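# Coordinates in review
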Amino acid sequence: MKPQQQTLVVKIGTSSLTSPDTGMLALSTIAALVETLCQLRREGYAVVLVSSGAVGIGCQRLDLKERPRTIAMTQAVAAVGQGRLMRVYDDLFSTFNQPIAQVLITRSDLIQRQHYVSAYRTFRQLLQLGVIPIVNENDTLAVEELRFGDNDTLSARVAGLVQADWLFLLTDVDRLYSADPRRYPDAKPIKVVHDIKALEELQIQAGKPGSSWGTGGMVTKIEAARIATSAGIRMVITDGRSPRNVAKILKGEPLGTHFEPEPQPQRARKRWIANGLIPCGKLHLDAGAVRAIADAGKSLLAAGITQVEGTFHPQDAVLLCDPQGEEVARGIVNYSSTELNAIQGHRSDDIAKILGYEGAETVIHRDNLVLSL
Ligand SMILES: Nc1ncnc2c1ncn2[C@@H]1O[C@H](COP(=O)(O)OP(=O)(O)O)[C@@H](O)[C@H]1O
Ligand SMILES: N[C@@H](CCC(=O)OP(=O)(O)O)C(=O)O
């Protein structure tokens, strides 16, 4: 990549790629998207496209009238649709001499630090080659428990991985509203969200998908905004039927809903702990421990743990909850659940006596601990 080059991740949903009535490919939209992305490449942006549509297009190919209900059927249909989707993209991008690459990922690929780093290197290499990677979840092979299940959060994780400057979510509404505009025509448009933490105060009703083909609706888009903005990435929700909006927004036109990036983004390793790892258990903390980790930025000690839930091993991820059961942080533990059941509530000096061996000084070191929003 050239120095100063900005990186864009653009995600397009099934609702924009296919016609809602017929389920057929919305070819003019896809062509406009391809043209826009090629133009942005020529202007010097590094571009990653996250494209949904494998299941929708697979259904159309197999003449199925609704989204599959079983996992095996979804996986089979996605395998049919993904090939077709890439064929269409390759034909259109080739018209502009733009090389593309298919990258299929699952959540499990981003859990292990080694795999995460390997994915980072692959994306970096592709972008250095001037390729536009086209990303989708590997629906055909993903195990249910280790699926993203929606491409909104997947695109935010990819944006964090490639250290993008912008994440665009192209969907079938022009922006976020105070409630689903299909059901509440009086819903108020929201143009800027300065602070994702303040979104609760706006009392947004983030509803389900607008069509039977979309996945997640606004709920997963807001989760994507949380992941992206905490990584220092500006996210914009805009109309997928007008992909040229991406170029217009980059030139400063006030379209869509902008989620402003946090001024002090989390470091990559902390992001990986917060968003990448799947927690295997829960530690309940007393009020003093919550204050120590949340207000004073300290490591977690055994003395502040009141209850241990789940079965886990050292180096697994766990959730940390306050006395009311609310999540306050996530982290990587130095002890197994069996060990923690024995030492919870005890002072660090007593640990060696209880376990019969010298353990780590902290249950979770502050470098491996990330506060939740
Ligand atoms: N507060 C809201 N503001 C805007 N749209 C909303 C809101 N709540 C729910 N929606 C619905 O979310 C839909 C977009 O999500 P989805 O169907 O999953 O699209 P995509 O396939 O692009 O991911 C919109 O069609 C809209 O009906
Ligand atoms: N991976 C799935 C898409 C899942 C998804 O998030 O869909 P959408 O809400 O349309 O962006 C597919 O290719 O069909």
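Given the structure is predicted, the values throughout are model-derived calculations rather than measurements.

Glancing now at the sheet that holds strand β1 (residues 7-12). Strand order in the open sheet made by the eight strands is β3-β4-β2-β1-β5-β7-β8-β6, with mixed pairing throughout. Every interior strand has two partners, whereas the edge strands, β3 (100-105) and β6 (192-193), have only one. Note that β3 and strand β4 (residues 132-137) share six bridges and pair parallel. Looking at the pairing, Leu104 lines up with Asn136 of β4. Against the sheet, helix α4 (residues 71-95) contacts β1, β2 (46-51), β3 and β4, and its axis sits at roughly 155° relative to β3. Helix α6 (residues 151-161) contacts β1, β2, β3, β4 and β5 (166-171) of the sheet and is inclined by roughly 135° relative to β4.

Right, let's get into the pairing of strand β11 (residues 317-321). Where burial is concerned, most of β11 is hidden: five out of the five residues are buried. With four bridges connecting them, strand β9 (residues 281-285) and β11 associate as parallel partners. Considered in β11, the bridge of Lys282 is made with Leu319. Pairing between β11 and strand β12 (residues 327-332): five bridges, direction antiparallel.

Three- or four-residue spacings in an α-helix give side chains the same orientation, since the helix completes a turn every 3.6 residues. Among the eight residues that make up helix α3 (residues 54-61), six are buried, leaving the element largely enclosed by the rest of the structure. Within the span of α3, buried status applies to Ala54, Val55, Gly56, Ile57, Gly58 and Cys59. For α3, the secondary structure elements touched by its buried residues are α1 (14-17), α4 and β4. Phi turns positive one or two residues past the end of α3, at Asp63, with a value near 60°.

Another point: the domain arrangement of the protein. What the domain assignment lists for the protein is domain 1 (7-270) and domain 2 (279-371). When each unit is reduced to the centre of its C-alpha atoms, the spacing between domain 1 and domain 2 is 36 Å.

For the pair α6 and helix α7 (residues 217-230), the least separation of the axes is 8 Å and the interaxial angle reads 10°. In terms of orientation, α6 and α7 fall into the roughly parallel class. The two elements α6 and α7 meet at a crossing, and its hand is right-handed. Residue-level inspection shows Asp152, Thr153, Ala156 and Arg157 of α6 in contact with α7, the latter providing Gly217, Thr220, Lys221, Glu223, Ala224, Ile227 and Ala228. A breakdown of the residues in the contact of α6 with α7 according to their chemical character gives four nonpolar, three polar and four charged.

Here we come to the pattern of salt bridges. According to the stated counting rule, one finds 14 salt bridges in the structure shown. Between Asp152 and Lys221 there is a salt bridge, with its nearest N and O atoms 3.1 Å apart. Of this pair, Asp152 sits in helix α6 while Lys221 sits in helix α7, placing them 69 residues apart in sequence. Residue Asp152 is classed as buried on the basis of its relative accessible area of 1%. The class of Lys221 is buried, set by a relative accessible area of 6%. Its salt-bridge partner being Glu223, residue Arg226 comes within 2.8 Å of it at the nearest N-O pair. Within this pair, Arg226 and its partner Glu223 are both found in helix α7, separated by three residues, close to a single helical turn.

This structure, assessed with the given rule, holds two aromatic pairs. Ring geometry for Tyr89 and Phe93: centres 6.1 Å apart, planes at 40°, overall tilted. One end of the pair is Tyr89 and the other is Phe93, both in helix α4 and four residues apart, which spans about a single turn. Judged by its relative accessible area of 0%, Tyr89 is buried. An angle of 5° between the planes, with centres 5.4 Å apart, marks the rings of Trp166 and Phe168 as stacked. When its relative accessible area of 14% is taken as the criterion, Trp166 is described as buried. By relative accessible area, which is 0% here, Phe168 ends up buried. The ring of Trp166 has Arg234 sitting right over it, with the charged end atom 5.7 Å from the ring centre.

Calculation rules
Residues numbered from 1 in each chain as written. Chains lettered and ligands numbered in written order. Predicted model: local features only at pLDDT ≥ 70, side-chain atom pairs only at ≥ 80, totals over all residues. Heavy atoms only, no water. Pairing = 2+ DSSP bridges. Helix = DSSP H or I, 4+ residues; strand = E, 2+ residues; numbered from the N terminus. Contact = heavy atoms within 4.5 Å. Axes fitted to C-alpha atoms, helices over the stretch in contact; angles between N-to-C directions. Buried < 20%, exposed > 50% of the residue type's maximum accessible area, 1.4 Å probe, protein only. Domains from an automatic or database assignment. Parallel < 35°, antiparallel > 145°, perpendicular 65-115°, else oblique. Left-handed = near helix turned anticlockwise from the far one by under 90°. Nonpolar A, V, L, I, M, F, W, Y, C, P; charged D, E, K, R; others polar. Salt bridge = Lys/Arg side-chain N within 4 Å of Asp/Glu carboxyl O. Phe/Tyr/Trp six-rings, centres within 6.5 Å; stacked < 30°, edge-to-face > 60°. Lys NZ or Arg CZ within 6 Å of the ring centre and 35° of its normal.

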